[in-house]
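# Summary of structural features
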Amino acid sequence: MSVFTPLERHELEVFLAPYGLGRLRDFQGIAAGSENSNFFVSLEQGEYVLTLVERGPVADLPFFIELLDVLHDAGLPVPYALRTQQGEALRSLAEKPALLQPRLAGKHVREANAHHCQEVGSLLARIHLATRDAPIERRSDRGLDWMLAEGPSLALKLDEQALPLLRDALAEIAELKPRILALPRANLHADLFRDNVLFDGNHLAGVIDFYNACSGPMLYDLAITLNDWCSHEDGSLDGARARALLGAYAALRPFTAAEAELWPTMLRVACVRFWLSRLIAAESFAGQEVLIHDPAEFQRRLAQRQQVNLPLPFAL
């Protein structure tokens, strides 16, 4: 189970009292997390999610709270931070920063179809449109500079097939970094995988886990999302799902010519980001009871993205 900081019932009851949401009925750890400790919390007045932030600087947490407030005010289905009766959103529990949020309806999709991808494309465009005019600035701690800094040492630990694949991708990132950073910007979810989206039947009911959110190129967020929602087991792209996602997104936010030109590159950049993250996690948490995603999944996807036959549907 991926709960890094276990809780006792009595300490949770003390923490929850200032919210005025009634007596604690039950709570349980959520096994799906790989970075933070999350708990389902049942109170007399409803169902909630408690997050203990395990990774990242505490100084960034006001950014996440503000961003979720902006998205909530824009009518998006996000888990904004609840305030205590004294107006506090960010608090401490078990010596960790803690947030209490409403529990959203729905469940994760295991096998995505074209309809799911269409819904996700629209949702991502709405996130970007809600923030592109005035992005709340936060630099990603796993952005291009991080990839270029961490990648070379990780590459040396790879086999002779994977090594040149990663080295070539890092060289491309270094060469095109100025053009990538000049692309149209907004606030990004930056981790919009299937396990961070909730569907209630065919309706997209919620998007969760904004703890990788940052400001940056909207196209990068789109590439991250499409790589997860539209990939086959062998890493290749499913054309029908990909076109559904891109079409729904473009219907709300058309692409620029610069984005169309850098689209294949951005798909590869998004693969590199999660390949490196998973390599680090596999090494750091080896032998521990923590959910570790397979790094080879993104190695396969990066290999398949060497040739991209999926143009953006429209460019201004």
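Residues numbered from 1 in each chain as written. Predicted model: local features only at pLDDT ≥ 70, side-chain atom pairs only at ≥ 80, totals over all residues. Heavy atoms only, no water.

With an unreviewed UniProt entry as reference, the protein chain is termed Homoserine kinase, source organism Ectopseudomonas hydrolytica. Per its UniProt entry, the protein chain bears the Catalytic activity (unreviewed entry) comment "L-homoserine + ATP = O-phospho-L-homoserine + ADP + H(+)". (UniProt positions renumbered as here; feature names shortened; annotations may be inferred.)

Within this structure, the stated rule accounts for 3 cavities of 30 Å³ or more. When its volume is computed, the second largest cavity comes out at roughly 40 Å³. Looking at the second largest cavity, the residues that line it are Phe64, Leu68, Pro79, Gln101, Asp209, Phe210 and Tyr211. Split by residue class, the lining of the second largest cavity holds 5 nonpolar, 1 polar and 1 charged. (1 Å grid on protein atoms, 1.4 Å probe; cavity = no way out; pocket = protein on both sides within 12 Å on 5 of 7 lines; lining within 4 Å. Points joined across faces, edges and corners; volume = space filled by probe spheres on them. Nonpolar A, V, L, I, M, F, W, Y, C, P; charged D, E, K, R; others polar.)

Turning our attention to the sheet that holds strand β4 (residues 91-93). Pairing between sheet strands relies on hydrogen bonds along the backbone, with the strands arranged either parallel or antiparallel. Pairing within the open sheet is antiparallel, and its 5 strands lie in the order β1-β2-β3-β5-β4. Of all the strands in the sheet, the pair left with one neighbour each is β1 (24-29) and β4. Neighbour-to-neighbour, the strand axes of this sheet turn through a mean angle of 35 degrees, independent of strand direction. In this sheet, strand β5 (residues 96-102) lies alongside β4 in antiparallel orientation, the contact comprising 3 bridges. (Pairing = 2+ DSSP bridges. Helix = DSSP H or I, 4+ residues; strand = E, 2+ residues; numbered from the N terminus. Axes fitted to C-alpha atoms, helices over the stretch in contact; angles between N-to-C directions.)

For the coordinates displayed, the defined rule picks out 19 salt bridges. For aspartate 69, the salt bridge goes to arginine 83, with nearest N and O atoms at 2.9 Å. One end of the pair, aspartate 69, is in helix α2 (residues 61-73); the other, arginine 83, is in the loop between α2 and β4, with 14 residues separating them in the sequence. Here aspartate 69 falls in the partly exposed class, since its relative accessible area comes to 21%. Close ionic contact of glutamate 88 with arginine 91 constitutes a salt bridge, the shortest N to O distance being 4.0 Å. Exposure remark for glutamate 88: the relative accessible area of 40% places this residue in the partly exposed category. Through salt bridges with shared partners, a single ionic network connects Arg194, Asp228, Arg278, Glu297 and Arg301. (Salt bridge = Lys/Arg side-chain N within 4 Å of Asp/Glu carboxyl O. Buried < 20%, exposed > 50% of the residue type's maximum accessible area, 1.4 Å probe, protein only.)

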